[in-house]
Amino acid sequence: MKYLLLLLDTLDELRQHTLRTFLTLLGMIFGVGAVIAMLNIGTGAEREALRMIDSMGLRNLIINAQEFDQETLQEQRKHSRGLSLRDGEVATSSLPFVSAFAAMKTLDTFELFSHAGRSDGEAVGVSASYFTLSKLALAEGRVLNEDDERHLNQVTLLGANTAAQLFPLGDALGQNIKINHLWFKVVGVLQAPYLSKEEFQGIKLGGEQNQVFIPLQTALRKFPAEQLDSELTSLKLEISEDTDPLVAAKAINRLLEQRHNQIDDFDMVVPAALLAQQKQTQQIFNIVMSCVAGISLLVGGIGIMNIMLATVLERTTEIGLLRAIGATCKDIRIQFVAESLTISIVGGLLGILFGIGLSEVIALFSGWAVSWSMTAILLSFSICTAIGLGFGIYPAIKASQLDPIEALQHH
């Protein structure tokens, strides 16, 4: 009952000075809100980055053939045949940490249509392992397999976007499409993934949804490439779990340089390195935002101290009267600490609401991902309460040390 009455008296005292109390709360509100928004957006960005990296395969290394003009290609082909299936086979057989590889060849697609529609997508030849390494999910049908490659089957798997263009009514499975001069039977359709961005760290994502896939050997045998073109457009190498992808990338790069006679006709993408770079950038962002939020909370704490010191001066006569009727120094300290603690608690609660709203507004206008974290809310509220309590102790001690007689004579 004693503490309930103390709380009611504290709230009544704050209510009598509404504007002053509100101005004191602002620092705490902005500080807590900034901490919550920063941590929520930071967590959301990290999870979104991990999800986008996962679409490339976190344990994969992606090797792409570079494009050059004809004159440069003629010179390079004297020393290197470009990216080839043999590169993947040698990497898998000679490097124990390379557990599998997948190959892709992009075709020069000038015609892609069905009886129901046309598409501006591109056709690519892929090995059977491509879908496993790329973690592509099926909406219906099946993926291409080794039998399709072995028998040069004219079958195709459609990306979600090309399926919608070629078959607007959604009846793609079992139908035929024409790729350049050949007809192919649709055996499957990919499921469209949700990706909030079309690229990550300069790497395009989700391009599979605008493609049609055919067996790699069918593509190599039935769609002759230009004489100077490399056999493959890209390779994906899967790295074992117990190997650092960055270490593996250096070894693979040395192997390919030797096979290509030191000709720089390929580049390598390491998804794990992209994720590490993203985390480092996010960490810097978090540190900067934490400093800003910390300064705001510190200013709020100083504001609480200033207001409480002014309150002590304003209520000197009241303090003297309380001491005269039997209140102890401890009672005075508790009363003033309770006021500063109440201000910080109210500021923290309002800051939580402000932080949630701020997160939503930032996400709405910037397109950033938000992931709600109870840890962020509890952490910011706890820090706010601790700062309010800490900065309220000195004014409380100063109030309790006033001489009762001098306090009663104060005007």
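Everything below is about the structure shown above.
Residues numbered from 1 in each chain as written. Predicted model: local features only at pLDDT ≥ 70, side-chain atom pairs only at ≥ 80, totals over all residues. Heavy atoms only, no water.

Caption draft 1: Local environment of the side chain of Ser119. Considering the arrangement of structural elements, one finds Ser119 in the loop between strand S3 (112–114) and strand S4 (122–126). In terms of polar contacts, Ser119 uses its side chain to reach the backbone amide nitrogen of Gly121, at 3.0 Å. Once residues lying within four places of it in the same chain are set aside, the contact partners of Ser119 are Leu112, Thr162, Gln165 and Leu166. (Helix = DSSP H or I, 4+ residues; strand = E, 2+ residues; numbered from the N terminus. Polar contact = N/O pair within 3.5 Å; in protein donor to acceptor, adjacent residues only side chain to side chain. Contact = heavy atoms within 4.5 Å.)

Caption draft 2: Summary view of the nonpolar core. By size, the foremost hydrophobic cluster in this structure holds 26 residues, and its most contacted members are Ile63, Phe97 and Ile252. When residues of this core are assigned to their parent elements, the largest contribution, six residues, is made by helix H9 (residues 245–259). In this structure, Met308, Ile343, Cys384 and Ala399 belong to the second largest nonpolar core, which totals 24 residues. (Core = buried A, V, L, I, M, F, W, Y, C linked by side-chain atoms within 4.5 Å. Buried < 20%, exposed > 50% of the residue type's maximum accessible area, 1.4 Å probe, protein only.)

Caption draft 3: Summary view of the packing of helix H10 (residues 271–314) against helix H13 (residues 374–400). Two elements in contact, H10 and H13, have axes whose closest approach is 9 Å; the angle formed by their N-to-C orientations is 25°. Judged by the angle between their axes, H10 and H13 are roughly parallel. Between H10 and H13 the crossing geometry is right-handed. In this structure, H10 uses Leu297, Leu298, Gly301, Ile302, Ile304, Met305, Met308, Leu309 and Val312 to contact H13, whose residues at the interface are Ile383, Cys384, Ile387, Gly388, Phe391, Tyr394, Pro395, Lys398 and Ala399. When the residues that make up the contact of H10 with H13 are grouped by side-chain class, the tally is 15 nonpolar, two polar and one charged. (Axes fitted to C-alpha atoms, helices over the stretch in contact; angles between N-to-C directions. Parallel < 35°, antiparallel > 145°, perpendicular 65-115°, else oblique. Left-handed = near helix turned anticlockwise from the far one by under 90°. Nonpolar A, V, L, I, M, F, W, Y, C, P; charged D, E, K, R; others polar.)

Caption draft 4: A look at H13. The end-to-end C-alpha separation of H13 is 38 Å, in line with the 39 Å expected for 27 residues at 1.5 Å each. Along H13, the sharpest change in direction is near 30° and occurs at Ile393; proline Pro395 comes one to four residues later. (Expected span 1.5 Å × (residues − 1). Bend = angle between axes of the 7 residues up to and from the residue.)

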